[in-house]
Amino acid sequence: WEKLSQVAVKGAEYDSRERRPHPKCLQGTRVDLLKYIHRSLDDREKSRLIWLHGTAGVGKSAVAFTVAETMRDIKVREDTHVEKRLAGTFFFSRKHTKRCTTGYFFATLVYQLATKFPSIRTDVNRTIRDNPALIDPDKSLRDQVEAFFIQPLRRLQLRLRGCPPLVFVVDALDECTSETELTDLILYLARALREPDLPVAHILLTSRSESHICKAFQNVEGIAATISLDGADVDKDIYIFLHHSLTELQSRHPDFPKPSRDELERLASRAGRRFIVASTTMK
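Everything quoted here is computed from the prediction, not taken from an experiment.

(A) Main features of the overall build of the protein. Scanning the protein from terminus to terminus reveals eleven helices and five strands. The globule rule puts the C-alpha radius of gyration for 283 residues at 19 Å, and the 20 Å found for the protein is close to it. If you line up the protein on its principal axes, its C-alpha atoms span 65 × 45 × 35 Å. Relative to its 283 residues, the protein shows a buried fraction of 49%. In the protein, of all internal contacts separated by at least 6 residues, the share reaching a separation of at least 24 is 78%. Each charge class in the protein was averaged separately, 45 positive and 38 negative side chains, and the resulting centres sit 2 Å apart.

So, in structure tokens, the structure goes:
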């Protein structure tokens, strides 16, 4: 367990200190999108990959963080305190050596899963004792998905019978520097979710709409659902964000001029449906 703890990338967790300040959806924004995602995550019929994609700056990471934060607070059953629906998160980042590769992905997820579901910890420890090489980041991804994803979930099937689905959140797939690694990861996750003796679990993944990622999801049709953020009319949400931010600014600086509704609407429109433009403007 201690060795696994050392390999698991704490900075890849959705709420890690390394990722501060955490982007999140302001209350009252992305309402319809979040409702749709939560409905998809509540589906108990079969496991799915849910791919949220869009160009840079449209707010994918904020949505991923907000969904993870919500799922973290929902118990899988009433008689538990630690077993929550958020089973694991991994936020890729090109800027960090251990977060731009898939080598640490499954070790990080199983560490979080076994922390939230202590009943599988003994089995995870035994797996590592029997084959210590599994926690090596250069170990085969195929072996890691079997040992650190499929087997632990299989052991939870009886425990989670009748419970709402588990949720994994994986952000910024495009920040993985190896296209081959990433394509394999999507394929192995899709295959894992097709396993018949696993509890229902959903994986929310976000990324830019890059060609190799699009192709990978086309190859796993039937298990994947896609949501595009490009073209979505978010001017109203950006307006709410600007109004909130300017109100906060005026509370700190009373002499700051208050823009009219028309000026705020024009500013929201000029953001070009990209939250990052509005956010940078306010900074």
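The structure having been displayed, the exposition proceeds.
(B) View of the sheet that holds strand β4 (residues 201–207). Taken together, five strands build an open sheet; the order of strands is β2-β3-β4-β1-β5 and the sheet is parallel. Where the open sheet ends on each side, the last strands, each with one partner, are β2 (86–91) and β5 (224–228). The sheet shows a mean angle of 15 degrees between the axes of neighbouring strands, direction not considered. Direction of pairing for strand β1 (residues 48–53) relative to β4: parallel, over a ladder of six bridges. Within β4, the residue paired with Leu-52 across the bridge is Thr-206.

(C) Layout of unusual backbone geometry. Residue Pro-21 is bonded to the preceding Arg-20 through a cis peptide linkage, with omega at -5 degrees. When you line up the elements, Pro-21 lands in the loop between α1 (2–7) and α2 (31–41). Of note, the phi angle at Arg-30 is positive, near 55 degrees, even though the residue is not glycine. For Arg-30, the position within the fold is in the loop between α1 and α2. One non-glycine residue, Ala-172, adopts positive backbone phi at about 60 degrees. Position of Ala-172 relative to the elements: it lies in the loop between β3 (166–171) and α7 (179–193). Residue Ala-172 is classed as buried on the basis of its relative accessible area, which comes to 11%.

(D) A look at the domain arrangement of the protein. When its domains are assigned, the protein resolves into domain 1 (3–228) and domain 2 (234–282). Taken over C-alpha atoms, the centre of domain 1 sits 33 Å from the centre of domain 2. The partner domain 2 presents nine residues to the nine residues of domain 1 that form the contact. Buried area between domain 1 and domain 2, summed over both chains or domains, comes out near 710 Å², and the portion from carbon and sulfur atoms is 61%. The interface formed by domain 1 and domain 2 holds zero salt bridges in total. Where domain 1 packs against domain 2, one counts five residue pairs in polar contact (both at pLDDT 80 or more). Taken together, the residues of the side of domain 1 that touches domain 2 sort by class into three nonpolar, five polar and one charged.

(E) Main features of the pattern of salt bridges. In the structure shown here, the tally under the stated rule is 14 salt bridges. With a closest N to O distance of 2.4 Å, Asp-15 and Arg-72 form a salt bridge. You can see Asp-15 sitting in the loop between α1 and α2 and its partner Arg-72 sitting in helix α3 (residues 60–72), a full 57 residues away along the chain. Exposure remark for Asp-15: the relative accessible area of 26% places this residue in the partly exposed category. Across the pair Asp-123 and Arg-126 runs a salt bridge, and its minimum N-O distance is 2.7 Å. Separated by three residues within a single helix, Asp-123 and Arg-126 lie in helix α5 (residues 121–130), roughly one turn from each other. Take Asp-123: its relative accessible area is 18%, and that puts it in the buried class.

(F) Focus on the environment of Ala-12. For Ala-12, the location among the structural elements is in the loop between α1 and α2. Among the residues examined, Ala-12 registers a relative accessible area of 0% and is labelled buried. Apart from the residues lying within four places of it in its own chain, the contact partners of Ala-12 are Thr-89, Phe-90, Phe-91 and Arg-99.

(G) Just the UniProt feature "domain: NACHT" (unreviewed entry) in the protein, in detail. Mapped onto the present numbering, the UniProt feature "domain: NACHT" (unreviewed entry) falls at residues 48–211. What you have in residues 48–211 is 40% helix and 15% strand, and the ends, taken at the C-alpha atoms, are 21 Å apart.

(H) Region of interest: the pairing of β1. Within β1, five of the six residues are buried, which leaves the element mostly enclosed by the surrounding structure. Pairing between β1 and β5: five bridges, direction parallel. Bridging from a neighbouring strand, Trp-51 pairs with Thr-226 of β5.

Rules used in this analysis
- Per chain, residue numbering runs from 1 following the sequence as it is written.
- Given that this is a predicted model, residues contribute local features only at a pLDDT of at least 70 and side-chain atom pairs are listed and counted only at 80 or more, while totals for whole chains, interfaces and linings are drawn from all residues.
- Only hydrogens and water are set aside; all other atoms, that is, all heavy atoms of the structure, feed into the side-chain values.
- Only runs of H or I of at least four residues qualify as helices and only runs of E of at least two qualify as strands under DSSP, and these elements are numbered from the N terminus.
- Using C-alpha atoms as the atom set, the radius of gyration is obtained and then compared with a globule rule of 2.2 Å times the number of residues to the power 0.38.
- Each residue gets one of three labels from its accessible area relative to the maximum for its type: buried under 20%, exposed over 50%, partly exposed in between, using a 1.4 Å probe on protein chains only.
- Note on contacts: a residue pair is in contact if any heavy atoms of the two residues lie within 4.5 Å.
- Counting rule applied: Lys, Arg positive; Asp, Glu negative; His and chain ends not counted.
- Charge positions come from single atoms, namely NZ of Lys, CZ of Arg, CG of Asp or CD of Glu.
- A strand pair is defined by DSSP finding two or more bridges across the two strands.
- For helices, the axis comes from a line fit to the C-alpha atoms of the stretch in contact; other axes are also lines fit to C-alpha atoms, and the angle between any two N-to-C directions lies between 0 and 180 degrees.
- The domain limits used here are those given by an automatic or database domain assignment.
- Simply put, the buried area is the total loss of 1.4 Å probe accessible area from both parts when two parts are fitted together.
- Any Lys or Arg side-chain nitrogen found within 4 Å of a carboxyl oxygen on Asp or Glu counts as a salt bridge.
- Pairs of N or O atoms within 3.5 Å make up the polar contacts considered here, provided that, within protein, one atom can donate a hydrogen while the other can accept it, and that residues adjacent in sequence are counted only when both atoms are side-chain atoms.
- All residues other than Ala, Val, Leu, Ile, Met, Phe, Trp, Tyr, Cys, Pro, Asp, Glu, Lys and Arg, Gly among them, are scored as polar; the first ten of these are nonpolar and the last four charged.
- UniProt positions are given in the numbering used here, feature names are shortened, and annotations may be inferred rather than shown by experiment.

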